[in-house]
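The chain contents come next:
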Amino acid sequence: MTVDEQRAGSRVSRPEIRLVRRGFTDPAQAVRLLAGPGLEGLADDPVLLDALGATADPDLALLGLARLLEAADEPDRHTLRDTLTTSKPLRDRLLGVLGASTALADHLARHPHDWHALVTFELRDMHPGPDDFLRALDEAVRSDGTGRPADALRVAYRRCLLAIAARDLTGTTDLAQTAAELADLAGATLQTALDLAAGEDPAAAAACRLAVIGMGKCGGRELNYVSDVDVIFVAEPQEGVDEHEALKAATRLAAALTRLCSDTTGEGTIWPVDANLRPEGRNGPLVRTLASHVAYYQRWAKTWEFQALLKARPVAGDTELGAAYLAALEPMVWQAAARENFVADVQQMRRRVIDSIPATELDRQLKLGPGGLRDVEFSVQLLQLVHGRTDPALRSGNTLEALGALSRGGYVGRADAASLDAAYRFLRSLEHRIQLHRLRRTHLMPTGAEDQRRLARSLAPLINDDTRADPVAALQREWKRHAVEVRRLHEKLFYRPLLDAVAELPAGAAGLTPDAARARLEALGYADPAAALRHLSALASGVSRKAAIQRTLLPVLLGWFADSADPDAGLLNFRQVSDALGRTPWYLRLLRDESGAAEQLARVLSAGRLAPDLLLRAPEAVAMLGDPQGLVPRGRAGLEQEILAAVGRAETAGAAVAAARAVRRRELFRTAAADVLGRLGDDPAEALDAAGEALTALNAATLQGALSACTAGWEARHGDLPTRIAVIAMGRFGGHELGYGSDADVLFVHEPLLGSLEHDAAKAAQAVCHDLRALLAAPSTEPPLEVDADLRPEGRNGPLVRTLASYTAYYRRWSHAWESQALLRAEPVAGDEELAARFRQLIDPLRYPGVGVPERDLMEIRRIKARIEAERLPRGADPTTHTKIGRGGLADVEWTVQLLQLQHGHEFPALRTTRTRAALAAAADAGLVGTEDAAVLDAAWVLASRVRSAVMLVRGRPGDSFPADARELAGVARYLGYGAGHSGELVDDYRRTTRRARAVVERLFYG
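Residues numbered from 1 in each chain as written. Predicted model: local features only at pLDDT ≥ 70, side-chain atom pairs only at ≥ 80, totals over all residues. Heavy atoms only, no water.

This brings us to the overall build of the chain. Secondary structure assignment for the chain yields 45 helices and 10 strands. For a compact globule of 1007 residues, the expected C-alpha radius of gyration is about 30 Å, and the chain comes in at 38 Å, more than 25% above that figure. Overall size of the chain, expressed as C-alpha extent along the three principal axes, is 130 × 75 × 60 Å. Expressed as a percentage of the 1007 residues in the chain, the buried residues total 55%. A sequence separation of at least 24 residues applies to 73% of the contacts in the chain between residues at least 6 apart. Of the roughly 41900 Å² of accessible surface on the chain, a fraction of 51% belongs to carbon and sulfur atoms. The averaged location of the 134 negative side-chain charges in the chain is 3 Å from the averaged location of its 123 positive side-chain charges. (Helix = DSSP H or I, 4+ residues; strand = E, 2+ residues; numbered from the N terminus. Rg over C-alpha atoms; globule rule 2.2 N^0.38 Å. Buried < 20%, exposed > 50% of the residue type's maximum accessible area, 1.4 Å probe, protein only. Contact = heavy atoms within 4.5 Å. Areas by Shrake-Rupley, 256 points an atom, 1.4 Å probe, with all protein chains shown as cover. Lys, Arg positive; Asp, Glu negative; His and termini not counted. Charge placed at Lys NZ, Arg CZ, Asp CG, Glu CD.)

Taken as a whole, this structure holds 67 salt bridges when the rule is applied. Ionic pairing is found between Asp 132 and Arg 135, a salt bridge with its closest N-O pair at 2.6 Å. Here the residue Asp 132 and the residue Arg 135 both occupy positions in helix α9 (residues 130-142), the gap between them amounting to 3 residues, near one helical turn. Judged by its relative accessible area of 33%, Asp 132 is partly exposed. On the basis of relative accessibility, which here comes to 52%, the residue Arg 135 falls in the exposed class. (Salt bridge = Lys/Arg side-chain N within 4 Å of Asp/Glu carboxyl O.)

Moving on, we get to the packing of aromatic side chains. Evaluated as defined, the whole model comprises 11 aromatic pairs. On the numbers, 6.2 Å between centres and 55° between planes, the contact of Phe 561 with Phe 574 is tilted. One end of the pair, Phe 561, is in helix α27 (residues 545-562); the other, Phe 574, is in helix α28 (residues 567-581), with 13 residues separating them in the sequence. Residue Phe 574 is classed as buried on the basis of its relative accessible area, which comes to 1%. The interplanar angle of 70° and the centroid separation of 5.7 Å between the aromatic rings of Tyr 810 and Tyr 811 together place this pair among those described as edge-to-face. For the pair Tyr 810 and Tyr 811, a shared accessibility class is recorded, and that class is buried. Among the aromatic side chains, those forming a connected cluster through ring pairs are Tyr 807, Tyr 810, Tyr 811 and Phe 839. Its end group placed over the ring of Trp 479, Lys 480 keeps NZ or CZ at 3.9 Å from the ring centre. (Phe/Tyr/Trp six-rings, centres within 6.5 Å; stacked < 30°, edge-to-face > 60°. Lys NZ or Arg CZ within 6 Å of the ring centre and 35° of its normal.)

The subject of this paragraph is the environment of Leu 591. Residue position: Leu 591 is located in helix α29 (residues 585-593). Along the backbone, Leu 591 and His 437 are 154 residues apart, and their C-alpha atoms lie at a distance of 46 Å. Those residues within four positions of Leu 591 in sequence are excluded, and the remaining contacts are Leu 553, Phe 574, Ala 598 and Leu 601.

In this section: unusual backbone geometry. Look at Leu 439: it is not a glycine, yet its phi comes out positive at around 50°. Positionally, Leu 439 belongs in the loop between α21 (414-438) and α22 (449-458). Of note in the backbone geometry, His 736 takes a positive phi value of approximately 60° without being a glycine.

To continue, consider the confidence of the model for the chain. Looking at the chain as a whole, its pLDDT mean stands at 89, while 95% of the residues score no less than 70. Note that pLDDT drops below 50 for residues 495-510; the model gives that stretch 43 contacts with residues more than four away or on any other chain. (pLDDT = per-residue confidence, 0-100.)

In this section: the environment of His 490. Of note, His 490 is situated in helix α23 (residues 471-493). Put simply, His 490 and Ser 407 are 83 residues apart on the chain and 15 Å apart in space, counted from C-alpha to C-alpha. In this view, His 490 contacts Asp 375, Phe 378 and Ser 379; residues no more than four positions away in its chain are not counted.

As structure tokens, this is what we get:
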């Protein structure tokens, strides 16, 4: 028993079971209708009952038939009854329409004689064309005796629509034929409306020639049952008529045509005429001359406007003018792919469409959502625009025709094209059935079970599953199956044929020529398509398992690479990683089975140089991309434990430090990859802080391991170390604000053990710290860690390591104001903890003086700052974009915050922090800085820090200014959240943000 029978079984009597088994859901009402006027004597007719049961909704079909018979006059009622019982074609057409469309049933109830339109199409091969529709509409308008030609046009349009729907619902036409007939009917309607407008305004008709260009689905002859009809109007003056007067006349005709089709009367609306695809959209003139159209598209048109012209077709009005319009504009369409940022523009358009869909509708969208009709159209149009320049066979405005041409030309594989064709036909047919029910413009799957049951029964021939048991479930499965397939092919389609051009595939396989593949790569944004083709050949050629898996992966990977600022680098890096790991079983399995890992790898490899360089030094780090916790930076304790264990296993200090550096390299990649992929936090400032903490913990653990290794190395040569050593982090290291290119600024302090000679202790400490710095910076496959001790007393002229007593004497006697300022960010990070705590006790009175900053020291700090600005800016550097010492940059903000700490740290404990942002927030809380000023300084500091991180991630080497190379600048902009083509906005935003910060610094720092 079916679901419908189970639902109905508890509420029907035995005589009604036969109706339930035929698909009726309200058998009681059906019995009443069959016994009512017009249907008497037909209640026991099994042929009629079977025909009703074959419709999408038997209850709806029976109700519509009863209404039609009741509305018909007596002679026509008898004719209809006789024809119903004797003519199967008419019976199937009429009941098919009544069971699928309440709107057309309403039309027949108002105009019962229109059922005769179904009789005229009994031959299965009789499909009307534009001229047939035009004659039918024209005859109806001319024979109208009511004086309301607009209503006559609407009635005639619905009569033609009735015949189209009948052929569609009975399978006499397929989707492509139905959509073409609807477009032809739309063209005939526009022509009839134009003729009516000309008849009402003969002076306008005599002054101009007007052509109506169909756009969108009307132009592509793939129209829906209910859709806006997109048009463009082009006009020329008749001989001897002033151009201005002719355009005014043409505008009156175009406006009248629009009203006739779009306005609602007693017979409803035909459809809205939408002219917003014209140059300048709704802000532009409704009608232009041909020369004006050409001038606009030559100078001002955007990428999407050329994409829209792909479907342009004259549909009404002056045929010669329409043909001239196409001849003038078509060459521009097929050169659109050569425009700068073409692919980025098209991709951005698609993203905007998806982003504009309300979240509540996303899962119900047949047209715009992922896996919907627009994905098919987007893919096909993009391929057409790229390859149609050199292949005229692709220049069709019809989606299915273009898809077939792409398949025949080898741009899309035959299997993929067939799958996409089937999915498109199903989704469009589903959309048609939904719209046909009430003749309303919608692309949403209805939520009601009865609506979905009607759709499932209507589409049963297109559904692979058996729809009899549970039609709704079968429909849902088929819809989801096609949507998933469309989404998969959409992601693959644009890229897959490249592989066929370069891989050694079996004979007969479809493939692009090298020239076509190169054109595709250029359109995607690859700067060196020849090199890209070589990489693809190396990756995808052959019959090995590695090549087979990579052939499967590359179509999607190419798309991810193309979405980055440097597709060439992404592809090259992927080839290098695959060359290193391609024979490793877990690597291929990871990429094949973990789609998230493959996407993350593509994003990381194409985001810049730093992360790929780190990965290529040890490609096995790819494994962390497949681990849910693989991109979570590790804390200091876990890192130190691993590094010390690795150091303890090494036989020499050099090997031990190398092991520590290997751990650091891997963890640098983890943090950089997490940063690139946006895993460190949703808020930019939060992500910046997380990166700073991760890098600080990593460098601190590395220093601890290196100190342990060098101490052990010294002791292996000389015996027990005669002193204790502590490492004090300074600068951004001490502030937990390290960037990827930051050195590790430190101070080394030691204290001889009891009974040791100070000279011996100093010599030993000097040797250990020297070895530590040398081994961490030594040339190696691992990235170096430069340990900079230049902030020590007397700078690079002073001893590398001092005793705590020496520091005490120096700071008491010789310390300068800038040294107290530098100590604000001093924080112990490695070595002897008790010694480090005593060093902190020593420096706290210096960095948080109880009397604030004397005027003499304040003048010195300001003088030094001004001197740095004047003398240390690199020659040729732009002070408005230098992130470190430029206007409103890091130095401006940090010196301002540090001055507040020196002045007020003794009063407010919250100011006693090494972190810039925390100190700034504390100053604001204490009322030392206005809330708005603090926000301005914080925003500038965060932005400048993020720019420096981005430069290092993109270029692979540190830099304090924006890159001069356009691709590198685009990569920096992408990291900072700016879309393709918006690098200039980043620079403008940076200048604006830092300019505001500089104004605050002028007031707070310089007074």
